[in-house]
Amino acid sequence: MVLSRLQRYILTQALAAPKRTLSRASIARFYDGSAHRPKGKDLVNIISRSIDRLVSREFLVGYGRKTATKWFVETVKLTPKGRRASRKMLGEQQRLPLKI
């Protein structure tokens, strides 16, 4: 399973949250202090796309408003499958391609 840095951040922050829920504003903090912070609409689109992909993989449940054409996700909650994936991410150490 390959996840982006933002998606890994979302899962680990949701795991650390008291009720396993995150608001959209807390997800946007991922880019605070970053040298490559996206501008304006790009930031909203990137976060929306990451949340949608995590919801489609059943790692998160999104809560928000629905208009005639689109869902606006305001908060997300971690599912049991997402909890297992985030715990696995925290426990894994990257393997180095060393030949002995």
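Report on the accompanying structure. Everything numeric here is computed off the predicted structure, so don't read it as measured data.

1. Regarding the overall build of the protein chain
The helix and strand tally for the protein chain stands at four helices and three strands. Shown N-terminal to C-terminal, the secondary structure of the protein chain runs as helices and strands in the order α-β-α-α-β-β-α. Judged by the C-alpha coordinates and their principal axes, the protein chain covers about 60 × 35 × 25 Å. In the protein chain, which comprises 100 residues, the proportion classed as buried is 29%. For the protein chain, the share of sequence-separated contacts (at least 6 apart) that also reach a separation of at least 24 residues comes to 52%. Within the structure as shown, the protein chain displays about 7,600 Å² of accessible surface, and the carbon and sulfur contribution to it stands at 52%. The distance from the centre of the 23 positive side-chain charges to the centre of the 6 negative ones in the protein chain is 4 Å.

2. Describing the packing of aromatic side chains
Using the criterion set out here, one finds two aromatic pairs in the structure. Seen in terms of ring centroids, Tyr9 and Phe30 are 5.1 Å apart; in terms of plane orientation they differ by 50°. Their pairing is tilted. Note that Tyr9 is positioned in helix α1 (residues 5-16) and Phe30 in the loop between α2 (24-28) and α3 (40-56), a separation of 21 residues in sequence. Residue class for Phe30 comes out buried when judged on its relative accessible area of 19%.

3. Concerning the nonpolar core
Residues Ile10 and Ile27 are the most contacted members of the largest nonpolar core, which totals 20 residues. Contributions of two or more residues to this core are made by α1, α3 and β3 (71-78). Ignoring anything within four residues of it in the chain, the contact list for Ile10 reads Leu22, Ile27, Ser50, Ile51, Leu54 and Leu60.

Definitions and cut-offs
- Residues numbered from 1 in each chain as written.
- Predicted model: local features only at pLDDT ≥ 70, side-chain atom pairs only at ≥ 80, totals over all residues.
- Heavy atoms only, no water.
- Helix = DSSP H or I, 4+ residues; strand = E, 2+ residues; numbered from the N terminus.
- Buried < 20%, exposed > 50% of the residue type's maximum accessible area, 1.4 Å probe, protein only.
- Contact = heavy atoms within 4.5 Å.
- Areas by Shrake-Rupley, 256 points an atom, 1.4 Å probe, with all protein chains shown as cover.
- Lys, Arg positive; Asp, Glu negative; His and termini not counted.
- Charge placed at Lys NZ, Arg CZ, Asp CG, Glu CD.
- Phe/Tyr/Trp six-rings, centres within 6.5 Å; stacked < 30°, edge-to-face > 60°.
- Core = buried A, V, L, I, M, F, W, Y, C linked by side-chain atoms within 4.5 Å.

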